[in-house]
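Analysis of the macromolecular model
What follows is each chain in one-letter form.
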Amino acid sequence: MYVALRSVFQRGFLPFLLTFVVAHGVASAEDDDEGAAPPAQHEPAPEPAPEQAPEPAPEPAPEPTSDHKPDEPPPAADADHEGKPDQPAADADHDGKPDQPAADADHDGKPDQPAADADHDGKPDQPAADADHDGKPDEPAADADHDGKPDEPDATEAPSTADADGDGFVDGAVDATGEPIEAPDPDDAPFIPFDADGDGNVEPEEAALQKEHEAAFADIPNEVSDAELDNRPENAEMLPSLSVEKFRELVRIAKGVVLKRLEAKLAAGQAKKMAKFGNLVMYFSFAGLLLLLLPLALLKKYPGRAGVLFKYSAFAALVFIVTVNLFGGVLYGLRAAQGAVASQANPQIALAKGFFDTLDEHADEYAVMGKELFGPTLEQLRGNTDEQPATVLIANGMKIVKDAKIFMTAAKTFKKISFLFGYLPIILTVVTLVLFGLAIRPTLTAIVKMPMRAAGGEAGVGRDVMQQSLKRVGGEFKSAVGTIGVLVLITVFAGFILGRVCAPALDALINYFSASVLYLQFVTGAKSGLVFLALFGVIFFLVLNLAAIILSMSFFLGKCQKIFQHRFNDGAPLATHRNFFKWGIPSVLLIQFFPLVFIIVAQKGLSAINNKLLAGATSADQISWNKLLMAGPLFLVVAFIVLFWAVRGVKAIKFLQGYQVKPKPSKNVNGQAPEEMAL
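Residues numbered from 1 in each chain as written. Predicted model: local features only at pLDDT ≥ 70, side-chain atom pairs only at ≥ 80, totals over all residues. Heavy atoms only, no water.

To continue, consider unusual backbone geometry. Even without glycine at this site, Arg-648 takes up a positive phi of about 70°. Positionally, Arg-648 belongs in the loop between α18 (625-646) and α19 (649-658). (Helix = DSSP H or I, 4+ residues; strand = E, 2+ residues; numbered from the N terminus.)

What follows is about the side chain of Thr-391. Turning to its location among the elements, Thr-391 is positioned in helix α12 (residues 389-400). By relative accessible area, which is 1% here, Thr-391 ends up buried. Leaving out residues up to four positions away in the same chain, Thr-391 has contacts with Thr-177, Ala-411, Phe-414 and Lys-415. (Buried < 20%, exposed > 50% of the residue type's maximum accessible area, 1.4 Å probe, protein only. Contact = heavy atoms within 4.5 Å.)

Relative placement of two packed helices is described by the angle separating their axes and the distance separating the axes. At a minimum axis separation of 10 Å, helix α5 (residues 244-285) and helix α11 (residues 370-380) run at an interaxial angle of 15°. Taken as axis vectors, α5 and α11 run roughly parallel relative to one another. As α5 packs across α11, the resulting crossing turns out to be left-handed. Of the residues in α11, those in contact with Phe-247, Leu-250, Val-251 and Ala-254 of α5 are Gly-370, Phe-374, Gly-375 and Leu-378. Per-class residue counts for the contact of α5 with α11 are 6 nonpolar, 2 polar and no charged. (Axes fitted to C-alpha atoms, helices over the stretch in contact; angles between N-to-C directions. Parallel < 35°, antiparallel > 145°, perpendicular 65-115°, else oblique. Left-handed = near helix turned anticlockwise from the far one by under 90°. Nonpolar A, V, L, I, M, F, W, Y, C, P; charged D, E, K, R; others polar.)

Given 3.6 residues per helical turn, the α-helix brings residues three or four places apart onto the same face. The terminal C-alpha atoms of α5 lie 61 Å apart, and with 42 residues this matches the ideal 62 Å at 1.5 Å per residue to within 8%. Taking the largest bend as the criterion, α5 deviates by roughly 25°, centred on Lys-255. (Expected span 1.5 Å × (residues − 1). Bend = angle between axes of the 7 residues up to and from the residue.)

On the surface, a nonpolar cluster with roughly 510 Å² of combined accessible area is contributed by Ile-585, Leu-589, Phe-593, Val-597, Ile-600 and Val-601. With respect to the helices and strands, the residue Ile-585 is situated in helix α17 (residues 578-614). Overall, the relative accessible area of 37% leaves Ile-585 in the partly exposed class. (Patch = residues over 30% accessible without salt bridge, like charges linked within 9 Å, V, L, I, M, F, W, Y side chains within 5 Å. Areas by Shrake-Rupley, 256 points an atom, 1.4 Å probe, with all protein chains shown as cover. Salt bridge = Lys/Arg side-chain N within 4 Å of Asp/Glu carboxyl O.)

At a minimum axis distance of 10 Å, the contact between helix α16 (residues 528-570) and α17 shows a crossing angle of 160°. Considered as vectors, α16 and α17 are oriented roughly antiparallel to each other. Considering how the two elements wind past one another, α16 and α17 form a crossing that is left-handed. Across the interface between the two elements, Phe-541, Asn-545, Ala-548, Ile-549, Ser-552, Met-553, Phe-556, Lys-559, Cys-560 and Ile-563 of α16 pack against Phe-580, Phe-581, Gly-584, Ile-585, Val-588, Ile-591, Gln-592, Pro-595, Phe-598 and Ile-599 of α17. Here the contact of α16 with α17 is composed, by residue class, of 15 nonpolar, 4 polar and 1 charged.

Take the pattern of salt bridges next. All told, the structure shown has 7 salt bridges when counted by the stated rule. Note that Lys-255 and Asp-357 form a salt bridge whose closest N and O atoms lie 2.9 Å from each other. Remark: Asp-357 occurs in helix α9 (residues 347-361) and Lys-255 occurs in helix α5; sequence separation between them is 102 residues. Residue classification places Lys-255 among the partly exposed residues on the basis of a relative accessible area of 25%. Using a relative accessible area of 21% as the deciding quantity, one classes Asp-357 as partly exposed. The residue Asp-357 makes a salt bridge to Lys-353 at a minimum N-O spacing of 3.1 Å. Pair noted here: Asp-357 and Lys-353 are both in helix α9, with a separation of 4 residues, about one helical turn. Exposure remark for Lys-353: the relative accessible area of 39% places this residue in the partly exposed category.

Tallying each qualifying case throughout the model produces 21 aromatic pairs. With 6.3 Å between their ring centres and 10° between their planes, Phe-536 and Phe-540 make a pair best called stacked. Taken together, the positions of Phe-536 and Phe-540, both in helix α16 and 4 residues apart, correspond to about one turn of that helix. Classification of Phe-540 by relative accessible area gives partly exposed; the value is 33%. Ring geometry for Phe-541 versus Phe-598: centroids 5.8 Å apart, planes at 50°, classification tilted. (Phe/Tyr/Trp six-rings, centres within 6.5 Å; stacked < 30°, edge-to-face > 60°.)

Remember, this is a structural readout, not a statement about activity or role.
Structure representation (structure tokens):
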């Protein structure tokens, strides 16, 4: 057996097979019970071996044939019986074995192409996917974290860059927080990046701003990245990446693009709301046509009075339509005045303006990450979006610190707050509608009851109702004029306060956001919960300021409108409400001024706290981050609430909200108010 094994390695498979057979035969002969002759190398057997037969003589060569022609070669093999010699078997890999016949799975008469094995794993590669059926393999899904799963799409980037309808809006675009951006109205002009007023034309000053923007942002990255921050030396982590002059230039140019476009969008939205409001009033006035059917329900109650019922029903329908539209005209004028001064006290504009103002004022602080974070964010703001700049900035923090999802949470929180404040004009519209509805209800009730009063024999009812309706419309017009006067005064005042409160409040927010980025970027073991408390605390402080200003303005304006209605519709002198003017005006002034005074004082306190904790620090490890991120926000929130309560701010709001302009009329024993009995 040893000989056989050695033959395997020295002579190949065929000699091994012959050797194995011979060895096996020898072993079988030794064990045979019949005593077969042993091989020659064994000792001779007792019996003499027979004489070996002589070797046979070689066969003589064949005699040559008589045709003197070369012999024919032996016939070629024809295994497939097709009448043609078989081709010699191919041996492309030179392994001594015929190659396997090529597969032809699709039966096209051609060998199939060998399956690709790009990764050399011994298995055919899966066919490339072609989901869009463009004839080209789809790009492989990115897997940056090497977890074996395709990466989730970046929430801050649009999934597509296509603009199929050519409206200047990226199809399927998302905002900084990953939420879909509402497609523009098809009736609007296509979006042009530097067409700030949105009229579809780029004026000379807008074209000049575009050139200035392109030159200033030429060396600013288009996307936020932490690459340069990671490469900073440890002793230069807190040093600026842009000069203060360059930083201020970027802020000034971005402000010129964003603010004008935001104001134009708000104005366009206001115009659409006014158009819808006008249509709503007109459609409601047509409800007066239903009065033409009133006689059908009253014929049994007033037999023989069908002619009077139909006559006065037609007259009532006409008076109803005219009166509602007159009321709508007065209300339309009031809402137009509100829209005209809305930009003065609109929280969304105040927040955006405050963002740019604080960047400009504190450029020396924010220039630390000017090229990595603030510059690219300002570049993004020229896109087709009306997002608050602070929302975009906070969301971009996640691009600096990849795993800091807390920044996306904070950005969404700030977005919701700014969204709610953006509904202030709508809230004022609803309040105005309710007040006008309450004022017009007695007049409309009298119009509806006019056919019944005429059928009951009351003389001159049509003339009386018509005069009453016109008088009510006149009273509402006078009350609207008075309300517009108060609206202009309080809006300008509130706008002044908002502009001076939002900038410091946003400065605190951006300051703590910037500190949070550096904290998460450079400090080992940084805690995202600490960052959330810091940012949420500053956002909550901003909400407290805006809520105090907006609520006091809205309550005061609503009560003034009701007082004017009481005066011009019911004849009650203004002196009836001297208590409101005595305490209401000081209340609204107190609530408006308090946030301004507080933020001025708090700003100095924050500066003192931050300067003490950051003094001389050039490395992140030199800063007490727990104190820095918690002391300021805690001071802002707690001090504001305590001091606002101490100066009777809560009591002032309750007074403005709860003041009764017109006490509810007492009812008689039958449960009817005097006004209802008169009708």
